[in-house]
Amino acid sequence: MRYAGVAVAVAGVLVAAGAISYSVAGDNGSDVPSAKSADAGFARDMAVHHQQAVEMSYIVRDRTKDEEVRRLAYDIAQTQANQRGMLIGWLDLWGLPKVSSDEPMTWMGMAGMASGEDGALMPGMATDAEMKKLGTLNGRQAEIFYLQLMTDHHRGGVHMAEGCADKCAVGVEKRLAQGMVEAQRSEIQLMADLLKSRGAAPRS
């Protein structure tokens, strides 16, 4: 089953994450990342990015009866909600603020990559208008629009996670980021297949 590979990849990320919250504070000895570090920036930005994916996934679960799309949406929501909890937990553990006056993705040297208009704070994020539209669609239309939005969302998420895998200093956070890259790439391929079976394609 084509979905099984994605499920295994997601499970691998979550299993690996089991020890992360416990060990992250001591991963680099007694060092704690600074508020301006890539570690803190990624945790803050990806927590926001993930929250929209969770919201989007729960919207589509109420708009379609298709079991494959509903299962994918549920797994994305659960995985990203769990990861978001870890990211916010690390910020608490490090004693760092959950918000910053810096623009999103400043930690990557890519401030201003997204316009920030209408809720699209980072690359791949849906606008408020797109989220509202998703909530008005049903059945096949909702499935296609969700898969297109989530494909864009994952592409932006992969870009950010690759940035952390390269720039973050906390080893367990780097490994979680790399796990995100692998799992979301698998889901992007799955979503391309689901779109094709519905006579549609990613938006770009």
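What counts and how
- Residues numbered from 1 in each chain as written.
- Predicted model: local features only at pLDDT ≥ 70, side-chain atom pairs only at ≥ 80, totals over all residues.
- Heavy atoms only, no water.
- Helix = DSSP H or I, 4+ residues; strand = E, 2+ residues; numbered from the N terminus.
- Buried < 20%, exposed > 50% of the residue type's maximum accessible area, 1.4 Å probe, protein only.
- Lys, Arg positive; Asp, Glu negative; His and termini not counted.
- Salt bridge = Lys/Arg side-chain N within 4 Å of Asp/Glu carboxyl O.
- Polar contact = N/O pair within 3.5 Å; in protein donor to acceptor, adjacent residues only side chain to side chain.
- Contact = heavy atoms within 4.5 Å.
- pLDDT = per-residue confidence, 0-100.
- Axes fitted to C-alpha atoms, helices over the stretch in contact; angles between N-to-C directions.
- Parallel < 35°, antiparallel > 145°, perpendicular 65-115°, else oblique.
- Left-handed = near helix turned anticlockwise from the far one by under 90°.
- Nonpolar A, V, L, I, M, F, W, Y, C, P; charged D, E, K, R; others polar.
- Disulfide = S-S within 2.5 Å.
- Expected span 1.5 Å × (residues − 1).

Asks: What is the right way to read the side chain of Asp39 from this model?
Replies: Among the secondary structure elements, Asp39 is positioned in helix H3 (residues 38-61). Of the side chains with opposite charge, Lys174 comes closest to the buried, unpaired Asp39, at an N-O distance of 7.5 Å. A distance of 2.9 Å separates a polar atom in the side chain of Asp39 from the backbone nitrogen of Val170. Discounting residues that sit within four places of it in the chain, Asp39 has contacts with Pro33, Trp94, Cys168, Ala169, Val170 and Glu173.

Asks: Please explain the confidence of the model for the protein chain as it appears in this structure.
Replies: Caution applies to low-pLDDT parts of the model: their predicted coordinates are not meant to be read in detail. Taken as a whole, the protein chain shows an average pLDDT of 88; of its residues, 83% reach a score of 70 or greater. Confidence drops under a pLDDT of 50 for residues 4-23, and excluding neighbours within four residues, the segment shows 24 contacts in the predicted structure.

Asks: Explain the packing of H3 against helix H4 (residues 67-94) to me, please; I cannot follow it from the model alone.
Replies: Between two packed helices, what matters for the description is the angle formed by their axes and the separation of those axes. As a packed pair, H3 and H4 sit with axes 8 Å apart at the nearest point and diverge in direction by 155°. Considering their axes alone, H3 and H4 lie roughly antiparallel with respect to each other. Relative to H4, H3 is oriented so that their crossing is left-handed. Of the residues belonging to the contact of H3 with H4, the class tally is 19 nonpolar, 6 polar and 5 charged.

Asks: Just checking my understanding: could you explain the side chain of Gln52 for this structure?
Replies: With respect to the helices and strands, the residue Gln52 is situated in helix H3. Excluding residues within four positions of it along the chain, Gln52 makes contact with Met125, Ala126, Met131 and His153.

Asks: How do you make sense of the state of the cysteines when you look at a structure like this?
Replies: A covalent bond bridging the sulfur atoms of two cysteines is what the word disulfide describes. Taken as a whole and assessed by the stated rule, the structure comprises 1 disulfide. Sulfur-sulfur distance for the disulfide between Cys164 and Cys168 comes to 2.2 Å. In this structure, the disulfide formed by Cys164 and Cys168 twists by about -120° around the S-S bond and is classed as left-handed. Of the two residues, Cys164 and Cys168, neither departs from the other in class, the shared state being buried.

Asks: What should I look at first to understand H3 in this one?
Replies: Each α-helix turn comprises 3.6 residues. Residues three or four places apart therefore point the same way. Taking 1.5 Å per residue, 24 residues should reach 34 Å; H3 reaches 34 Å between its end C-alpha atoms and fits that length. Burial analysis of H3 places 18 of its 24 residues in the buried class, the great majority of the element.

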